Amino acid sequence: MKKSKHEWKSNGLPALVTVGPVAVILVFLVVLPLMYVAVMSFCSIDSYYNVVYKFTLRNYAQLADPDYIHIYLQSILIALLTTVICVLVAYPFAYLIARTKSRNKNLLYMLVIIPFWTNSLIRIYGWRTFLGTNGWLNNALIKLHMISEPLDMLFNRGTTVLGMVYCLIPFMVLPLYSSFEKLDVNLLEASADLGATKLKTLKEIIIPLTADGIFSGCIMIFIPCLGYFFVSDILGGGNADVIGNLIERQFQSGNNWPLGSALSIILIIITLLLVKAYQKIGGSMESLAL
Amino acid sequence: MTDIVELKKVNKVFGTNHVVSDLDLSVKEGEFLTLLGSSGCGKTTTLRMVAGFEEPTSGSIMVEGEAVGNKEPFERNVNTVFQSYALFPHMTIYDNIAYGLKMKKVKKSDIAQRVGEMLEMVQLQGYENRYPTQLSGGQKQRVAIARALINRPRVLLLDEPLGALDMKLRKQMQLELKRLQKKLNITFIYVTHDQEEAMTMSDRIGIMHDGILDQLGTPSEIYEHPATRFVATFIGETNIFDGAIHRIDKSIASVDIENGLISGQSDGSFDVGEYIAVSVRPEKMKLSKAPVEGFSLEGVVKDFIYIGSVMKCIVALQNGNEIRMERLAGEVLPGIGEKVYPYWDAQSAVLIHTKADTVFKTIENAPLAV
């Protein structure tokens with residue numbers, strides 16, 4: 001049977017060869033591990049910390065513990081604060097990069113990209129050293145006689161949020177920059193021509209047309225925040241735990257993999273719900289692919 | 001008629017690029033003025049300076065008698081129709097058109113009434129709730145015009161608004177725009193590179209070239225009496241002869257060119273010995289079977305081009321240059337290969353001052369090293 005070129009797409013060997021390898025990787029590295037975690041979440045441990053493979057819902061019941069609820073709410077608070085601050089800081093900056101001409105533009109862009117090349121763990125440790133009671137900032141302020149005793153800046157929610165913002169802000173700048181690049185300058189001129197002040201143009205034209213950038217940036221900040229346990233550990237010192245910390249604890253010191261798995265599944269569900277909500281309000285999935 | 005827009009010695013420099021040079025332009029109230037020229041001649045930049053999107057490097061711009069200098073676009077009583085329409089994609093047609101009024105905080109009921117009037121004027125009733133992406137090019141065009149005119153500006157600036165439309169629609173829109181302008185009695189300043197469009201619609205045309213305004217005049221003034229070599233060759237077709245004035249007899253000048261002598265009409269501003277160009281439109285060109293007094297041009301008919309309503313005839317002269325003659329199809333013309341003697345009525349030839357004169361005179365008068 002002779003197959004013409006046009007039948008290529010819908011059947012047979014070509015499709016298998018191109019999609020096959022990716023599918024295999026997805027199955028082994030994503031699907032199977034996820035299934036393992038899901039199964040584990042319904043198991044329990046014995047007194048020797050061995051896993052007992054017997055179906056139980058006790059892990060999920062334990063998640064309703066008031067201590068845990070406190071952590072969930074704290075996570076959401078921290079993630080929200082981080083997201084809002086990122087938007088407020090990244091928006092003008094992305095606008096600036098998009099409007100700058102040639103050479104300076106690349107320079108500004110690099111300012112955002114270079115942090116990607118450095119390990120974020122090390123950078124967060126850097127903040128800890130910088131802000132510590134014997135750290136650079138306190139020493140400088142004391143030397144300048146602006147304070148007499150070192151300020152207690154670490155190990156609270158505020159500093160944790162600062163750390164999160166520091167790590168995640170490129171993820172807000174990039175989609176916003178992309179949105180601003182697509183913004184037709186003629187539209188801003190037309191708006192000015194028709195009687196709008198700069199502020200009105202911002203409200204009526206710029207913000208609505210960059211809304212998709214804002215949305216995808218928000219998703220890309222909020223979700224990781226919930227899991228960024230290392231920032232909470234290093235800068236929060238236990239006072240600013242997020243869901244990620246709970247999970248990490250169960251797998252490390254707690255030795256309770258089933259509980260950790262249950263927490264992981266919950267986090268995955270929250271993530272999926274948020275992405276679904278994002279889609280519902282019209283977010284584009286392509287901009288998330290950043 | 002007063003001058004509603006006045007540009008005095010306006011210059012605009014972008015980096016090292018001198019885009020507009022010493023521009024003096026006065027636009028009369030109620031007129032349809034077109035700035036015509038090829039890409040990069042400075043016409044769009046000039047328009048943008050009047051609109052307020054660019055600030056002149058030097059010189060002054062007055063609108064309605066007030067110096068606008070660095071006034072924001074929304075502080076001037078002018079509105080712009082952009083080449084790309086620049087309709088707000090996230091707003092309905094209604095909101096697009098109403099935008100200007102909304103910014104002026106006009107009452108909602110008044111807005112509704114005026115938007116309705118505009119839609120009727122541009123014949124887009126019923127399109128209020130559609131979005132720009134759902135409209136065709138011509139429809140977007142009309143929304144852009146409505147959006148600008150609803151603010152009742154004294155001057156409407158149009159930046160090549162018909163550039164993206166197909167030929168038939170363009171011709172239709174040209175007539176509509178002209179009719180609209182006459183009806184509303186608003187001053188239109190129009191920018192285009194299409195000379196036919198400019199000739200059809202304008203009361204006056206300003207031809208721009210390399211940032212300089214070469215000539216400002218009515219379409220017929222520009223066509224019949226081009227002031228510069230560029231204007232002569234840019235508008236329509238013409239035959240150009242370069243030479244020096246040999247003799248002036250009353251108002252007829254005899255000009256020395258490479259092929260001999262020709263005649264043209266002087267307006268009195270020409271001197272004997274001046275280096276000039278002579279422009280003769282193809283439709284004014286005549287061919288004779290025998291030599292004509294005052295003209296020593298000789299040529300051989302080389303080719304014919306049939307355009308339907310006219311026939312163009314190409315004649316090769318002694319020195320190899322070609323000239324074009326145009327006649328209505330149907331007239332008797334010499335055959336290919338025939339020897340002819342081109343001539344014309346002296347009044348039909350236009351003498352043009354050229355820069356060559358300055359160059360040659362400078363060379364002539366330059367002192368020789370002793």
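Residues numbered from 1 in each chain as written. Chains lettered and ligands numbered in written order. Predicted model: local features only at pLDDT ≥ 70, side-chain atom pairs only at ≥ 80, totals over all residues.

### Points about the interface of chain B and chain A
Across the contact, 17 residues belong to chain B and 14 residues belong to chain A. Those elements giving two or more residues to the side of chain B that touches chain A turn out to be strand E6 (78-81) and helix H2 (93-103) of chain B. Per-element accounting of the side of chain B that touches chain A gives the leading share, three residues, to H2 of chain B. The class makeup of the residues in the side of chain B that touches chain A is nine nonpolar, six polar and two charged. (Contact = placed C-beta atoms within 7 Å. Helix = DSSP H or I, 4+ residues; strand = E, 2+ residues; numbered from the N terminus. Nonpolar A, V, L, I, M, F, W, Y, C, P; charged D, E, K, R; others polar.)

### Examining the sheet that holds strand E17 (residues 310-317) of chain B
Residues and elements named next belong to chain B. Taken together, the five strands give an open sheet; going across it, the order is E15-E19-E16-E17-E18, and neighbouring strands pair in antiparallel fashion. The open sheet is flanked by strand E15 (286-288) and strand E18 (322-328), the only strands paired with a single partner. Within this sheet the neighbouring strands show an average axis-to-axis angle of 45°, counted without direction. As paired elements, strand E16 (residues 299-306) and E17 share seven bridges and run antiparallel to each other. Bridge pairing in E17 places Ile305 opposite Lys312. (Pairing = 2+ DSSP bridges. Axes fitted to C-alpha atoms, helices over the stretch in contact; angles between N-to-C directions.)

### Remarks on unusual backbone geometry
All names here are of chain B. For Gln123, which is not a glycine, the phi torsion comes out positive at approximately 55°. On the secondary structure map, Gln123 appears in the loop between helix H3 (108-121) and helix H4 (137-149). Assessed through the 11 C-beta atoms surrounding it within 10 Å, Gln123 is described here as exposed. At Glu160, a position not held by glycine, the phi torsion is positive, near 40°. Within the secondary structure, Glu160 sits in the loop between strand E7 (155-159) and helix H5 (167-184). A count of 19 C-beta atoms within 10 Å places Glu160 in the partly exposed class. (Buried ≥ 20, exposed ≤ 12 C-beta atoms within 10 Å, placed from the backbone.)

### Observations concerning the pairing of strand E2 (residues 17-28) of chain B
For strand E1 (residues 3-14) of chain B and E2 of chain B, the ladder comprises eight bridges, and the chain directions are antiparallel. The partner of Val13 of chain B across the bridge, within E2 of chain B, is His18 of chain B.

### Digging into the nonpolar core
Within the largest apolar cluster, 103 residues are counted, with the highest numbers of intra-cluster contacts made by Val50, Ala146, Leu156, Leu157, Ile189, Ile276 and Val278 of chain B. Here this core takes six residues from H4 of chain B, the largest share from any one element. Domain assignment of the residues forming this core places at least three in each of domain 1 (3-224) and domain 2 (237-365) of chain B. Ala146 of chain B has contacts with Ile97, Met118, Leu119, Met121 and Val122 of chain B, leaving out every residue within four places of it along the chain. Listed in part, the 45 residues of the second largest apolar core include Met172, Leu176, Met220 and Ala240 of chain A. (Core = buried A, V, L, I, M, F, W, Y, C linked by C-beta atoms within 7 Å. Domains from an automatic or database assignment.)

### Points about the pairing of E7 of chain B
Residues and elements named next belong to chain B. Here E7 lies mainly inside the structure; five of its five residues are buried. Neither face of E7 is exposed, since Val155, Leu157 and Asp159 on one face and Leu156 and Leu158 on the opposite face are all buried. Direction of pairing for E7 relative to strand E8 (residues 187-192): parallel, over a ladder of five bridges. Along E8, the bridge assignment pairs Val155 with Thr187. In this view, the connection linking E7 to its parallel neighbour E8 by way of H5 has right-handed handedness. (Right-handed = clockwise from strand over helix to strand, strands pointing away.)

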